[in-house]
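Take a look at the letters that make up each chain.
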Amino acid sequence: MAVLGRLLRPRTTTFYTIRTFCSSYSTSSPPSSSEIGVIEPLPAFGKITDGRNVQWVFLGCPGVGKGTYASRLSKLLCVPHIATGDLVRDELSSEGPLSSQLAEIVNQGKLVSDEIIINLLSQRLEAGEAKGESGFILDGFPRTIRQAEILEGVTNIDLVINLKLREEALLAKCLGRRTCSQCGGNYNVACIDIKADDGNPAMYMPPLLPPANCASKLITRSDDTEEVVKERLRVYNEKSRPVEEFYRRRGKLLEFDLPGGIPESWTKLLQLLNLDDHEDTRSAAA
Ligand SMILES: [Zn+2]
């Protein structure tokens, strides 16, 4: 805890004003400006004028795609993407002092304790600070009210993006995840095609298929079974839903219902954040 406190020292200045982010964003019925709030335009990408970068958090059910969008935003904004799931997996594969304890917890689909997560996060931030990193996008933390309170006590989170997806799509997406055992590339073999029904718009998420040289090397994560995925969702609803409410009450929560696959969702997310992906623009123009 002391380590985290030292690393995440309080910073009072923010680079833009967050007004109200209190109601949900739905692409089928666009909210009015008064419902969704307005983000002041960013002064510049990357370095922020007061010397620090964005300090954002991604929330959402396991498998919703936090990693994908957090990773893209981290590149766009030049801040590290810190995924506590990666920290846990790295520790597991390192055969370090926590690895056997972690293996048991993860294989049962349970949440890793606050102490272990905070320990791993502290180590990661300490290593980053030593390399001159500033700002972060957290993915997978905080997962409990207690973690949120710890974080709130020691640093200033600017914005919390809550990614949302219907449960049937989420389950299909989790069971379709594949990783290339050679290059580590992430793919998804699920084709999600849900018809519109009462109140819910139709949703189409095409599979994200691997290139030919990865296709024969795909593996499924050992914790991506239906039983474990359902257990993760149950635990998320019990422990992490309250975290959404925690940030909603503080006016920091930005709700985002994923409208479909990555290209469509990425474009809509950037619009909502008032950001431009200059690389996308350049490559489209090339
Ligand atoms: Zn590969």
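Structure report, in brief.

Conventions adopted
- In this numbering scheme, every chain counts its residues from 1 along its sequence in written order.
- Only residues with pLDDT of 70 or above have their local features reported here, since the model is predicted, and side-chain atom pairs are shown and tallied only from 80 upward, although totals for entire chains, interfaces and linings are computed over all residues.
- Put simply, a nonpolar core is a cluster of buried Ala, Val, Leu, Ile, Met, Phe, Trp, Tyr and Cys residues tied together by C-beta atoms within 7 Å.
- Around each residue's C-beta, the other C-beta atoms within 10 Å are counted; 20 or more make the residue buried, 12 or fewer make it exposed, and counts in between make it partly exposed. All C-beta atoms are placed from the backbone.
- Under the DSSP-based scheme used, a helix requires at least four consecutive residues in state H or I and a strand at least two consecutive residues in state E, with every element numbered from the N terminus.
- It is the C-beta atoms, placed from the backbone, that decide contacts: two residues are in contact if theirs lie within 7 Å.
- Paired strands are those between which DSSP finds at least two bridges.
- Fitted lines through C-alpha atoms serve as axes, helices being fitted only where they are in contact, and the angles separating the N-to-C directions of these axes extend from 0 to 180 degrees.
- Any angle that falls under 35 degrees is termed roughly parallel, while one over 145 is termed roughly antiparallel, one within 65 to 115 roughly perpendicular, and all others oblique.
- Crossing handedness is defined as follows: a turn of the near helix away from the far one that is anticlockwise and smaller than a right angle gives a left-handed crossing, while the clockwise case is right-handed.
- In this classification, Asp, Glu, Lys and Arg are treated as charged, Ala, Val, Leu, Ile, Met, Phe, Trp, Tyr, Cys and Pro as nonpolar, and every other residue, Gly included, as polar.

## Description of the nonpolar core
Then, number 1: Formed by 50 residues in total, the largest nonpolar core has its most connected members in F58, I137, V160 and I161.
Then, number 2: For this core, the leading source of residues is helix α6 (residues 114–130), giving 5 residues.
Then, number 3: Apart from residues lying up to four places away in sequence, I137 is in contact with W56, F58, A70, L73, S74, V79 and H81.

## Concerning the pairing of strand β3 (residues 136–139)
Then, number 1: Side chains F136 and L138 of β3 all project onto a buried face; the interleaved residues I137 and D139 project onto the opposite face, where all are buried too.
Then, number 2: Both strand β1 (residues 55–59) and β3 contribute to a ladder of 4 bridges, which runs parallel. Each bridged residue has a counterpart across the sheet, and for V57 the counterpart in β3 is L138.
Then, number 3: The pairing of strand β2 (residues 81–83) with β3 spans 3 bridges and is classified as parallel. Among the inter-strand pairings, I82 is bridged to a residue of β3, identified as L138.

## Structural notes on unusual backbone geometry
Then, number 1: Between F141 and P142 the backbone carries a cis peptide bond, its omega angle lying at 0°.
Then, number 2: Looking at where P142 falls in the secondary structure, it is placed in the loop between β3 and α7 (145–154).
Then, number 3: Even without glycine at this site, C78 takes up a positive phi of about 60°.
Then, number 4: Within the secondary structure, C78 sits in the loop between α3 (66–77) and β2.
Then, number 5: Unusually for a residue other than glycine, N274 sits at a positive phi of about 60°.

## Overview of the packing of helix α4 (residues 84–94) against helix α5 (residues 99–107)
Then, number 1: Two numbers describe how α4 lies on α5: the axes approach to 8 Å, and their chain directions differ by 125°. As summarised for this structure, α4 and α5 are arranged oblique, according to the angle between their axes. As for how α4 packs across α5, the hand of that crossing is left-handed. Across the interface between the two elements, V88, E91, L92 and S94 from α4 touch S99, L102, A103 and V106 from α5.
Then, number 2: Partitioning the contact of α4 with α5 into residue classes produces 5 nonpolar, 2 polar and 1 charged.

## Here we look at the sheet that holds strand β9 (residues 218–219)
Then, number 1: As summarised here, the arrangement of the 3 strands in space is β6-β5-β9, forming an open sheet in which the pairing is antiparallel. A single partner strand is all that each edge strand has here, and the edge strands are β6 (186–188) and β9.

## Brief notes about the pairing of strand β10 (residues 253–257)
Then, number 1: Judged by how many residues are buried, β10 sits mostly within the fold: 4 of 5 residues are covered.
Then, number 2: Here strand β4 (residues 159–164) pairs with β10 via 5 bridges, running parallel. Along β10, the bridge assignment pairs I161 with L254.

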